[in-house]
Amino acid sequence: MLNIKGLTKSFYNSVVLSNIDLSIEKGKILGLIGHSGSGKSTLARCLVGLEKPQSGQIYLNDKLIIPGQGDARQRIQYLWQDPMQALSPFLSAHGAIMESLNGFNIGSKGSRSARATKLLEGLGIGSDLANRKPHALSGGQAQRIALARALAAEPNLLILDEPLSSLDLPTQIATIDLLRKIHADRQISMLIISHDLAPLWQLANHIAVLDKKEIVENLPISEFAKKARHPLSRAYIQLSE
Ligand code: ADP
Ligand code: MG
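Residues numbered from 1 in each chain as written. Chains lettered and ligands numbered in written order. Predicted model: local features only at pLDDT ≥ 70, side-chain atom pairs only at ≥ 80, totals over all residues. Heavy atoms only, no water.

**Here's the deal with helix H5 (residues 112-122)**
Step number 1: Those residues of H5 not exposed but buried are Arg112, Ala116, Leu119 and Leu120. The buried residues of H5 all sit within an arc of 95 degrees when viewed along its axis, so they share a single face. Opposite the buried face of H5, by more than 90 degrees, sit the exposed residues Ala114, Lys118 and Glu121.
Step number 2: Where H5 is buried, its residues meet helix H4 (93-103), helix H6 (127-130), helix H7 (139-152) and helix H8 (169-186).
Step number 3: The first or second residue beyond H5 is Gly124, which carries a positive phi of 80 degrees. (Buried < 20%, exposed > 50% of the residue type's maximum accessible area, 1.4 Å probe, protein only. Helix = DSSP H or I, 4+ residues; strand = E, 2+ residues; numbered from the N terminus. Arc of directions from axis to C-beta. Contact = heavy atoms within 4.5 Å.)

**Here we look at the site of ligand 1**
Step number 1: Taken together, Phe11, Val16, His35, Ser36, Gly37, Ser38, Gly39, Lys40, Ser41, Thr42 and Glu51 make up the full set of residues near ligand 1.
Step number 2: Taking Ser38, its main chain carries an N or O atom lying 3.2 Å from an oxygen atom of ligand 1.
Step number 3: For ligand 1, whose accessible area on its own is 560 Å², the fraction buried by protein is 58%.
Step number 4: It is helix H1 (residues 40-47) that contributes the most residues to the shell around ligand 1, 3 residues altogether.
Step number 5: Residues of the shell around ligand 1, tallied by class, amount to 2 nonpolar, 7 polar and 2 charged. (Near = heavy atom within 4 Å. Polar contact = N/O pair within 3.5 Å; in protein donor to acceptor, adjacent residues only side chain to side chain. Areas by Shrake-Rupley, 256 points an atom, 1.4 Å probe, with all protein chains shown as cover. Nonpolar A, V, L, I, M, F, W, Y, C, P; charged D, E, K, R; others polar.)

**So, H1**
Because each turn of an α-helix spans 3.6 residues, side chains separated by three or four positions in sequence point in the same direction.
Step number 1: When you tally the buried positions in H1, you get 6 out of 8 residues, the bulk of the element.
Step number 2: Within the span of H1, buried status applies to Lys40, Thr42, Leu43, Ala44, Cys46 and Leu47.
Step number 3: Downstream of H1 by one or two residues, Gly49 has phi in the positive range, about 85 degrees.

**So, the pattern of salt bridges**
Step number 1: What the rule picks out here adds up to 10 salt bridges.
Step number 2: Of the charged contacts in the structure, one is a salt bridge between Glu162 and Lys40, with a shortest N-O distance of 3.8 Å. Of this pair, Glu162 sits in the loop between strand S7 (157-161) and H8 while Lys40 sits in helix H1; the two residues are 122 residues apart in sequence, bridging distant segments of the chain. Each of the two residues, Glu162 as well as Lys40, counts as buried.
Step number 3: Of the charged contacts, one joins Lys227 and Glu223 as a salt bridge, the two residues approaching to 3.5 Å between their closest N and O atoms. One end of the pair is Lys227 and the other is Glu223, both in helix H10 (residues 221-227) and 4 residues apart, which spans about a single turn.
Step number 4: On the basis of relative accessibility, which here comes to 47%, the residue Lys227 falls in the partly exposed class.
Step number 5: Since its relative accessible area comes to 28%, Glu223 is described here as partly exposed.
Step number 6: By sharing partners, the salt bridges in this structure join Lys9, Arg45 and Glu51 into a single network. (Salt bridge = Lys/Arg side-chain N within 4 Å of Asp/Glu carboxyl O.)

Shown next as structure tokens:
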């Protein structure tokens, strides 16, 4: 579904990602772990055209894409690490979804408002929340709305950048449940970025570890605990037990 080949990204003289090869199969969830500053967000941002890699190719459904352009802009959706950053301060949740539906010309014009309401309700966002602007939302609520906005575009791939790190524990648990439900209902592919392994046990089909600019481990979740060899992978496993 998504194939990254030989992606290299540097800022000035400093190489952040070196010759990255990574794939995500249709309908599967890839968990990407790495310590802070290892280049996880930079990789995600390269996939949506917010950063431009020096070299490498990205294929979506076997077609070479220019990230952030044409159909790819709709089909790959990125959820920012800070959900507040993803939402316009001027738009209600319903307005944010409408903007996405209008922008990508999804459904007939007359059907969009009801479609937005239904999408929000499906994610547990009733009319009270749907009419609020971001300043009146908690972090967890803002994230749910940012997620609804990303899903409104009907993406093939949803990239979630540390979706749990800004949330308290009950909201983390609710978010894991919600992501599982979304995945079960929609069968979309996901790239979930995390700085620890624990939440990925419950979410991912595949785990990749990023360290020192490179992918140092890449295994199905069912084999990860037994077969991962890299010292960093072993450390993540030990910490998550
Ligand atoms: P992670 O998401 O894994 O914490 P990032 O991808 O945000 O890591 O950052 C990787 C490295 O790239 C860090 O050293 C960071 O300082 C650097 N970096 C990220 N964005 C820029 C930028 N726009 N200009 C210069 N350096 C950057
Ligand atoms: Mg990051």
